[in-house]
Amino acid sequence: MRQVKRIALLLALLLSLTLTAPVWADVIDEPPNDFFVTHEAACEYDRRWYCANSPRGYVNFREAPGGRVTEQAENGARVLSTVLYQDWVLVEYYGDVYWEGWAPRSELSVVYDDISFIEECGSQFVPCDRELVDALLSARESRYVVYWPYPNAERARDVQWKTDESIANMADHITALYTDPEGYVWGQTRMFDYWVCLSALDGGDGQVTFDLPGGATTPYPKPRVVSVRELPPIEFYPAQEPKPPLANYLPALLVLLAVLLSGTALWFFYGKKRNKGGTPCDTPN
């Protein structure tokens, strides 16, 4: 009898501990940045757009490299990287709800950008030719300057109105020159690695907007002068609806197991009493 009571007590204790235990295993919530804080010296700055692209059809984003899953996204979701740590990327997601997390770099495909352009065409860059640049700037048709992420990009980044003096001094900030297949000369600037088309300084993309005094914006729909660069397509694995990690179900499974074990113990305890002839409340006739 003592052994049966001990078993019932142990199972009841297990049930209570399971119900009060914190849910810590792979719960989908906002991840902390503890790993980055403690490993910042080993991280490398990285600010690029990536697309989720995993063979499983979705990417698990974790609180730390190899840590618990905190967010999931189907293939094709765009995320912005922050830093690199070995083969892991810390990204930010700007969807309906902001979140951040770590993902293997092998499960992300980079969106073509200025870094991609440098990797592809950097061998064609030449040092700044001051005489050529001054001549191109002098031939400008207006005081507007359009800034691009890289030559022949689909969209411009910004357009600004400049004084004659600032345009004349622009040559001081040109670090390299590139000539596109159509013969237009581009200059790479020190300002955020923007590019300007020196052959058509005010040539737009028909879409960019720029700020006016007072905080207003206005479109700059000047038609394109240069062609759009053809980019290599991203080959995506088929997207799949994310499946929560098995460990997410662990708390519920433990509760169910504890309930089943407790029920079994109670049935065994009281069933044994009935087999001995009645319950403790029974009295002989």
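Residues numbered from 1 in each chain as written. Predicted model: local features only at pLDDT ≥ 70, side-chain atom pairs only at ≥ 80, totals over all residues. Heavy atoms only, no water.

## Some thoughts on the confidence of the model for the chain
Right, so step 1: When pLDDT is averaged along the chain, the result is 81, and 71% of the positions lie at 70 or above.
Right, so step 2: Looking at the elements of the chain, mean pLDDT is at its lowest for helix H1 (residues 2–20), recorded as 48, and at its highest for strand S8 (residues 108–110), recorded as 98.
Right, so step 3: Long-range and interchain partners of residues 15–32, a stretch whose pLDDT sits below 50, account for 36 contacts in this model, where long-range means more than four residues apart. (pLDDT = per-residue confidence, 0-100. Helix = DSSP H or I, 4+ residues; strand = E, 2+ residues; numbered from the N terminus. Contact = heavy atoms within 4.5 Å.)

## Examining the packing of aromatic side chains
One pair of aromatic rings is described through two measures. These are the centre distance and the angle between the planes.
Right, so step 1: Within this structure, the stated rule accounts for 16 aromatic pairs.
Right, so step 2: Geometrically, the ring pair formed by Phe125 and Tyr178 is edge-to-face, given 6.2 Å between the ring centres and 70° between the ring planes. Separated by 53 residues along the polypeptide, Phe125 in the loop between helix H3 (114–121) and strand S9 (126–127) and Tyr178 in strand S12 (residues 174–179) bring together distant segments of the chain.
Right, so step 3: Ring geometry for Tyr147 versus Tyr194: centroids 5.7 Å apart, planes at 50°, classification tilted. With a gap of 47 residues between them, Tyr147 in strand S10 (residues 144–147) and Tyr194 in the loop between strand S13 (185–189) and strand S14 (195–197) connect regions that are remote in the sequence.
Right, so step 4: An aromatic cluster of three or more residues is present, and its members are Tyr112, Phe117, Phe125, Tyr150, Tyr178 and Trp195.
Right, so step 5: Here the basic side chain of Arg56 rests over the ring of Tyr58, its NZ or CZ set 5.6 Å away from the ring centre.
Right, so step 6: Geometry around Trp49 places Arg78 over its ring, the cationic atom sitting 5.1 Å from the centre. (Phe/Tyr/Trp six-rings, centres within 6.5 Å; stacked < 30°, edge-to-face > 60°. Lys NZ or Arg CZ within 6 Å of the ring centre and 35° of its normal.)

## With respect to H3
Right, so step 1: Three or more residues of H3 are buried, namely Asp114, Ser116, Phe117 and Cys121. Buried residues along H3 cover an arc of 155° about the axis, so they all sit on one side.
Right, so step 2: In this structure, the buried residues of H3 make contact with S8, S12 and S14.
Right, so step 3: The backbone nitrogen of Ile115 lies 3.2 Å from a side-chain oxygen of the residue at the head of H3, namely Asp113. (Buried < 20%, exposed > 50% of the residue type's maximum accessible area, 1.4 Å probe, protein only. Arc of directions from axis to C-beta. Polar contact = N/O pair within 3.5 Å; in protein donor to acceptor, adjacent residues only side chain to side chain.)

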